[in-house]
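Given next are the chains, with one letter for each unit.
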Amino acid sequence: MKKIVIEGGTALQGRVEISGAKNATLPLMAAALLTDEPLVLKNIPHLSDIERMKELLDGLGVILSLPEDDRTVVLQAETLTSTLAPYEIVSKMRASILVLGPLLARCHQAEVSLPGGCAIGARPVNVHLEGLRLLGAEVEVENGYIRGRAPNGLKGATIVMPVVSVTGTENLIMAATLAEGTTVLKNAAKEPEVCDLVRCLQAMGAKIAGMGTDTLTIEGCARLKGTRYSVLPDRIEAATYAVAAALTHGDLWLDNVVYDDLLSFWAHLAKAGAVVEQKKGDFYDAVRVSMPSDILGVDVMTEPFPGFPTDIQAQFMAFMTLCKGAAMITETIFENRFMHVPELCRMSADITIHKTSALVRGVSQLVGAHVMATDLRASVSLILAGLVAKGTTTVHRVYHIDRGYEQIEMKLRRCGAVIERQEDN
């Protein structure tokens, strides 16, 4: 087991290159199941979740190779040898459920363990199952597994999603691409990662209209082809390092950013006193974040895109612990996403939880402590707090961080942070 040890007090300076988006890469990898031709994905991040998805796809018969560089993967699903996604892999990564729709669409059967991942809320799979049933699949849950059959193939349907679900939307889009007829998906998620999947599927020959809106129309195809596709940059990683710059009163350039994917976040960051400067590039943007003044308290409510992302809530809360005055953080997406609060309070933060809101009263100084990571975004919020805390902060159970942040210690050290990974005895 590893731990991350941080000596606080350094203002971050320099540049950080943002990696490819984990939450875009995983559904794109699952999309390889929809075709017997090679799918070449570029700008792949080095993360444990990506390795688990590779392991899962390998078990299904997908041949994976790295012919060009370590950020490119070729997925060849010419012959699938299994339609079973076992508990041993799926229990460790919730996004494994994304193979369910493609397997039913192409193989007309699938057996997928109920998913695991971060313990941040119930996140029921009903939206996936009900949508697939409307597409004509026979789906049941038995002994911890989702078992689906579509002996006559999937058929297009109108699906009104009861809640906005990113993975639910992605699963149903992929299933519908090979369904017979037209599928209309209403109340669909609009997140940039969903749009990235749609663009890749379109390059593979899928007929999808309405990208970026809450209503998608998919005309089913008999088959899809392979393609080459580059994964979009990780907006959550970009926001995390932006918070790091502002919290430490530093000055960072973030390279490889889609500025428009974070408009709500930039607005909240600027309201707190940060200076945010966008420099447009040919493909992606560079963003400079600095903090010349005191941190001002800003209320935040998480919402589906284009609102404030739930995946940035914990980081922004760490930011608000040192604000002048107070801030109210309201979580509307996941019911258990305040598990970082007790750990921040161990570092002398003043936070009170009431139902789905947390009142953060700013303090003058955080103090280093031993803290425990409980999930991916909670992990990074504790690292952010450690960057400004007086003394030493030790974050335990940091395997969570490796699920979503590539080489975080190295990136922070390059900007002046005193941080290292050690064995946790």
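What you see as residue numbers is a count from 1 along each chain, following the sequence as written. Two thresholds apply to this predicted model, a pLDDT of at least 70 for residue-level local features and 80 or more for giving and counting side-chain atom pairs, whereas whole-chain, interface and lining totals are computed over all residues. Note: side-chain values were computed over all heavy atoms of the structure, leaving out hydrogens and water.

All right, on to the side chain of S113 then. Here a helix means four or more residues in a row that DSSP labels H or I, a strand means two or more in a row labelled E, and each is numbered from the N terminus. For S113, the location among the structural elements is in strand 7 (residues 109-113). The buried category is assigned to S113, whose relative accessible area is 0%. Categorising residues by exposure relies on relative accessible area from a 1.4 Å probe, with only protein chains included: less than 20% of the type maximum marks a residue as buried, more than 50% marks it as exposed, and the intermediate range marks it as partly exposed.

Moving on, we come to the sheet that holds strand 23 (residues 392-396). Spatial ordering of the open sheet is given by 22-23-1-24, a layout of four strands whose pairing is mixed. Lying at the two open borders of the sheet, with one neighbouring strand each, are strand 22 (370-372) and strand 24 (418-423). For this sheet, the mean inter-axis angle between neighbouring strands, taken without regard to orientation, is 25 degrees. Pairing between strands is defined by DSSP: at least two bridges between the two strands are required. Strand direction decides the pairing type here: strand 1 (residues 2-7) and strand 23, joined by five bridges, are antiparallel. When the sheet's bridge partners are listed, I6 is paired in strand 23 with T393. Across the face of the sheet, helix 12 (residues 376-388) comes into contact with strand 1, strand 22, strand 23 and strand 24 while running at roughly 30 degrees to strand 1. Axes here mean lines fitted to C-alpha atoms, for a helix over just the part in contact, with angles spanning 0 to 180 degrees between N-to-C directions. Note on definitions: a residue-residue contact is assigned when non-hydrogen atoms from the two residues lie within 4.5 Å.

Spatially, the four strands line up as an open sheet ordered 4-5-3-14, and their pairing is mixed. Both edges of this open sheet fall to strand 4 (63-65) and strand 14 (227-230), since each of them pairs with a single strand only. Within this sheet the neighbouring strands show an average axis-to-axis angle of 20 degrees, counted without direction.

A word on helix 7 (residues 192-203). By definition here, a helix of n residues has an expected span of 1.5 Å times n minus one. Taking 1.5 Å per residue as the helical rise, helix 7 with its 12 residues ought to reach 16 Å, and the 17 Å between its terminal C-alpha atoms agrees with that figure. Most of helix 7 sits out of view: nine of its 12 residues are buried. P192, E193, V194, C195, D196, L197, V198, C200 and L201 are the residues of helix 7 that are buried. For helix 7, the elements touching its buried residues are helix 1 (22-30), strand 3 (39-42), helix 6 (166-177), strand 12 (207-209), strand 14 and helix 8 (235-247). G205 sits one or two positions beyond helix 7 and adopts a positive phi of about 105 degrees.

This next bit is on the packing of helix 8 against helix 9 (residues 263-271). Where helix 8 meets helix 9, the axes come as close as 11 Å, and the angle between the chain directions of the two elements is 5 degrees. If you check the angle between helix 8 and helix 9, you find them roughly parallel. Of the residues in helix 9, those touching helix 8 at A239, A242, V243 and A246 are F265, W266 and L269. Residues are sorted three ways: Asp, Glu, Lys and Arg are charged, Ala, Val, Leu, Ile, Met, Phe, Trp, Tyr, Cys and Pro are nonpolar, and all the rest, Gly among them, are polar. The residue inventory of the contact of helix 8 with helix 9, partitioned by class, reads seven nonpolar, no polar and no charged. Roughly parallel means an angle under 35 degrees; roughly antiparallel means over 145; roughly perpendicular covers 65 to 115; every other angle is labelled oblique.

Once that is clear, we can look at the pattern of salt bridges. Salt bridge criterion: a side-chain nitrogen from Lys or Arg within 4 Å of a carboxyl oxygen from Asp or Glu. Following the criterion strictly, the structure yields 24 salt bridges and no others. The partner of R147 in a salt bridge is E142, with the nearest N and O atoms 3.7 Å apart. Given a relative accessible area of 38%, E142 falls into the partly exposed group. One salt bridge connects R361 with D350, and the closest N-O pair in it is separated by 3.9 Å. Residue R361 is located in strand 21 (residues 357-361), and its partner D350 is located in strand 20 (residues 350-354); the two are separated by 11 residues in the primary sequence.

A cavity here means a set of 1 Å grid points, computed over protein atoms only, where a 1.4 Å probe fits but cannot escape. A pocket is an open set with protein on both sides within 12 Å along at least 5 of 7 lines, and lining residues have an atom within 4 Å of a point. Grid points are joined across faces, edges and corners, and a volume is the space filled by probe spheres set on the points. Tallying each qualifying case throughout the model produces one cavity of 30 Å³ or more. Size it by volume and the largest cavity reaches roughly 30 Å³. For the largest cavity, the full set of lining residues is T240, Y241, A244, V380, I383, L384, I408 and L412. Residues of the lining of the largest cavity, tallied by class, amount to seven nonpolar, one polar and no charged.

Our focus in this paragraph is helix 10 (residues 313-320). Residues three or four positions apart in an α-helix share a direction because the helix packs 3.6 residues into each turn. Counted residue by residue, helix 10 has eight buried out of eight residues, so it is predominantly covered. Buried residues of helix 10: Q313, A314, Q315, F316, M317, A318, F319 and M320, and no others.

Moving on, we get to the packing of aromatic side chains. The relation between two aromatic rings is expressed through the spacing of the ring centres and the mutual angle of the planes. A pair of aromatic rings is counted whenever rings of Phe, Tyr or Trp (Trp by its six-membered ring) have centres within 6.5 Å, and the orientation is called stacked for planes under 30 degrees apart, edge-to-face for over 60 and tilted otherwise. Under the definition given, this model contains five aromatic pairs. Relative to F316, the ring of F308 has its centre 5.4 Å away and its plane inclined at 75 degrees; by these criteria the two rings are edge-to-face. Owing to a relative accessible area of 1%, F308 belongs among the buried residues under this scheme. Centre to centre, the rings of F316 and F319 are 5.5 Å apart; their planes meet at 80 degrees, and the pair counts as edge-to-face. Taken together, the residues span about one helical turn, with F316 and F319 both in helix 10 at a distance of three residues. Here F316 falls in the buried class, since its relative accessible area comes to 1%.

In short, the description is geometric, and any link to function would need to be established separately.
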